[in-house]
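Coordinate analysis (summary)
Here is how the chains run, residue by residue.
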Amino acid sequence: MTGEHPALALRGLAKSFDGKVAVAGVDLDVPAGSFYGLLGPNGAGKTTTLSMAVGLLRPDAGGAWVLGHDVWADPVTAKQLLGVMPDGVRLFDRLSGAELLAYHGLLRGMDPAVVDQRAAELLDVLALADAGRTLVVDYSAGMKKKIGLACALLHGPRVLVLDEPFEAVDPVSAALIRDILKRYVAGGGTVVFSSHVMEVVQRLCSHVAILAGGTIKRVGTLEQVRGDRSLEDVFVEVVGGRTATGEELAWLSR
Amino acid sequence: MAVPVTAPASQVRPVSARHFVKLKLRVMGNNFRGQGWRVALFLVGSLIGLWFAVGAFFGLAAPGLAGDDRYALLVAAFAGGLTVLGWLLLPLVFFGVDETLDPARFALLPLSRRTLVTGLFAAALVSVPTVAVLLALSGLVVTAGVFGGWSAALVSAVGVVCGLLLCVAGARAVTGAFASMLRSRRVRDLAAVLLAVLAASLGPLQLAGVAAIQDTDWDRLTGVASVIGWTPLGAPWTVGIDVAQGRAWAAPVKLLITLVTIVALLAWWSRSLESAMVGAASAGPTRARPGVTGGVVAQLFPRAVGRLRRDRFGALVSREARYWWRDARRRANLITIAVVGLFVPVMVNFGGQGFTIDSDQGFSAAGDSSPVLVSLSMLFVGLLAAVTLANQFGFDGSAYAANVVAGVPGRLELRARITAFSLYVLPMLAVVAVVIALVIGEPTWIGFMAGALVATYGAGLAVNSFVSVLGAYSLPETSNPFAMNSGAGVVKGMLTLLAMAATGALAAPMVLAAALLGDTWLWLGLPLGVAYGVGAALLGAYLAGDVLDRRQPELLALVTPRR
């Protein structure tokens, strides 16, 4: 039944804060089984868009559908299919990693035995089992990302929405996260993630959308967007960056 | 063209307290920008403060205006002393300190500790309460002026300003020290004991004061006042009267006492400031405790709720229960309930008895503890306990996103939060009822006292469920449990007052029943009170849960700190 629906569909999503437009009408179709990269410079509206897509932020206009289920009209079904790792949001960080996983699992209505088994595996694979009863607040940045990912994966969602999953993560952890996500997509899942690291996007994604100034500038498969150039060139051209001429900031060089 | 990266020290312009004050004003102004309701609330709060200040001004100027200098020293010493005590203790118990300028933000700047402390101190002086207190205590200047002419008025003015500095320095030092104690997990129990002792020592002081006033032996009371006048509590406030009454030699000595105290307090504050600044960077690593046994689900559930079913409700209750203990901010609230819950009823019910606790005599005397008075004091404790939840989602901050993403139904959420909080509060309330009943020598009253407590607490939970969903505000993400955003202070005060008034109205039947039903109430009070409280709490969670279901994303936005 879900075959004909895109994994995630956004229609005319718009949001402004105090009269300042953050997202100005975003349409996006994320095909099921794709590895989708949402690219954009800082302040482009990536986090705002993803927050509206998963039900964390009420849009001023437009809607979002997860496998055909309206996130805002039928949140219960839609949220069951979703796994989310928001950025810039605290975890319940005065729990230990194990406690946090148990909390998320039970909150999703999972069977305690399944929670126990999956959480043990996740902690093991993500190399978090050694942390024991250390509270998440005392974790390093990379460990926090990993436990966040584990919380999003625990209930076996069909669609995974990750905001900046590779931010502040060391190369070892990043490689681990990449492997897990690849396996997840190979197993039929869909991943949508935001990033401004071209190299990661180029390596992982089947589809790309470039967001700047609150609107989608380019969208399509990686090949379509990139053409015969590098993704970085396309990105800089679309976003309209400037390069330093060397005249200003002369005092930086002795 | 090229200039050295490190400029010579001579080019660094000194940073003065003026910069801190300007920064604070700017931050306050920016907080108001585009938020009309905040400006309105701020104005209302300021007006209320002004109203009380003017009232207190005339109260303190009364001896002068009436031309009766018998009471002048008395009023100055007691009113001033109470003001200082209030500034020391109220931030700990109720209001928190305004941390518009979070010390941690200055950690990386090349500022000497002295610059930082004087700057933050100057910034702390810029607030509505300081202005209100300054205005109120200026009444002392009028009194001194009437009796001693211009010179006395001038000395008194200097004294009042010094006294205000003492108040602000004291508030900062005490909250700073207490916060850094709470931060370290090892001494948190010690901190609880300290607060308890502090508050407990207030009780006897109060009793002494009440007893003394009842005696109407003004000479003896004036003697007490002159002793207080020589402590830091009263020294700055009494200098004007001293000059007016011909003890000019006392003024410089008392001012010196005040100044030494201020410097000592600032030094104490500066020590805890350092730990606050470092603490923000790293809260200190906790020991990893490996060797965990059992599955993750078993780890989440504390032993006290081990019997709960392993489902969503159980998970929510367990997480909340752990948070009430592990989060310094929440723990500070629990300690407050325990301390205030014990000592306010004692104060109220001993008010008329003075030092002698004699149940036979005490019962017949007017103003002694009666079922109505006891019920009223129980009502206050219940109110105070429940109002802690007025911003329960604010405690979570942006972490609440996890519950939004999981789509937790509102009713379930509120019921679980109430259950977890009650795990701590209900035993405390039971202790309060038993201890107070025994202390006032009326063990048969335990039943209806507990009934009044639970009824008020339950009604308060219902009211505060709504308040927490509709009137949530974000708390700053600092390690100081007493910190709050400027602007939020007034909001917090208004919401708390509103919630308390509504709860009081809902719980009023318990007091009425105690007044009207007489002996029947002794055994009917407990079952009726408990039924009323539990029913109210469940109904509140049921109705407020519906509202929460419709407002989850909005609530999340409210409690997420702006960065």
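Please refer to the structure placed before this passage.
Our subject in this report is the structure included herewith. Keep in mind that what you see is a predicted model, and the values were worked out from it rather than measured. (Residues numbered from 1 in each chain as written. Chains lettered and ligands numbered in written order. Predicted model: local features only at pLDDT ≥ 70, side-chain atom pairs only at ≥ 80, totals over all residues. Heavy atoms only, no water.)

As for helix α1 (residues 46-54) of chain A
All names here are of chain A. The buried fraction of α1 is high, at eight of nine residues. Those residues of α1 lying buried are K46, T48, T49, L50, S51, M52, A53 and V54. One or two positions beyond α1, positive phi appears at G55, with a value near 90°. (Buried < 20%, exposed > 50% of the residue type's maximum accessible area, 1.4 Å probe, protein only. Helix = DSSP H or I, 4+ residues; strand = E, 2+ residues; numbered from the N terminus.)

Side note on the interface of chain B and chain A
Facing the 47 residues of chain B at the interface are 41 residues of chain A. Carbon and sulfur atoms make up 62% of the surface buried where chain B meets chain A, a total of about 3,900 Å² over both sides. Taken as a group, V296, R326 and V405 of chain B account for 17% of the area that chain B buries against chain A, more than any other trio of residues on that side. Applying the counting rule to chain B against chain A returns three salt bridges. Its salt-bridge partner being E554 of chain B, residue R58 of chain A comes within 2.5 Å of it at the nearest N-O pair. The tally of links between chain B and chain A comes to 13 residue pairs in polar contact (both at pLDDT 80 or more). At the level of elements, α11 (296-300), α12 (312-326), α17 (401-406) and α21 (520-559) of chain B are the ones that each hand at least two residues to the side of chain B that touches chain A. The element that contributes the greatest number of residues to the side of chain B that touches chain A is α12 of chain B, accounting for seven residues. (Contact = heavy atoms within 4.5 Å. Buried area = accessible area lost by both parts, 1.4 Å probe. Salt bridge = Lys/Arg side-chain N within 4 Å of Asp/Glu carboxyl O. Polar contact = N/O pair within 3.5 Å; in protein donor to acceptor, adjacent residues only side chain to side chain.)

Remarks on the pattern of salt bridges
By the definition in use, this model includes 24 salt bridges over all chains. Within this structure, R319, E320, D327, R330, D396, E413 and R417 of chain B form a network of salt bridges that share partners.

A look at the sheet that holds strand β6 (residues 82-85) of chain A
Residues and elements named next belong to chain A. Read across the open sheet, the six strands follow the order β6-β7-β8-β3-β9-β10; overall the sheet is mixed. Looking at which strands have only one partner, the edges of the open sheet turn out to be β6 and β10 (215-221). Neighbouring strand axes in the sheet, compared pairwise and without regard to direction, differ in orientation by 15° on average. (Pairing = 2+ DSSP bridges. Axes fitted to C-alpha atoms, helices over the stretch in contact; angles between N-to-C directions.)

Topic: the nonpolar core
By size, the foremost hydrophobic cluster in this structure holds 90 residues, and its most contacted members are V66 of chain A together with F421 and M449 of chain B. Here this core gets eleven residues from one element, more than from any other, and that element is helix α19 (residues 446-470) of chain B. Once residues within four sequence positions are removed from consideration, V66 of chain A is found in contact with A7, L8, V71, A78, L81, L82 and V159 of chain A. One finds L106, L162, A174 and F235 of chain A within the second-largest nonpolar core, a separate group that totals 71 residues. (Core = buried A, V, L, I, M, F, W, Y, C linked by side-chain atoms within 4.5 Å.)

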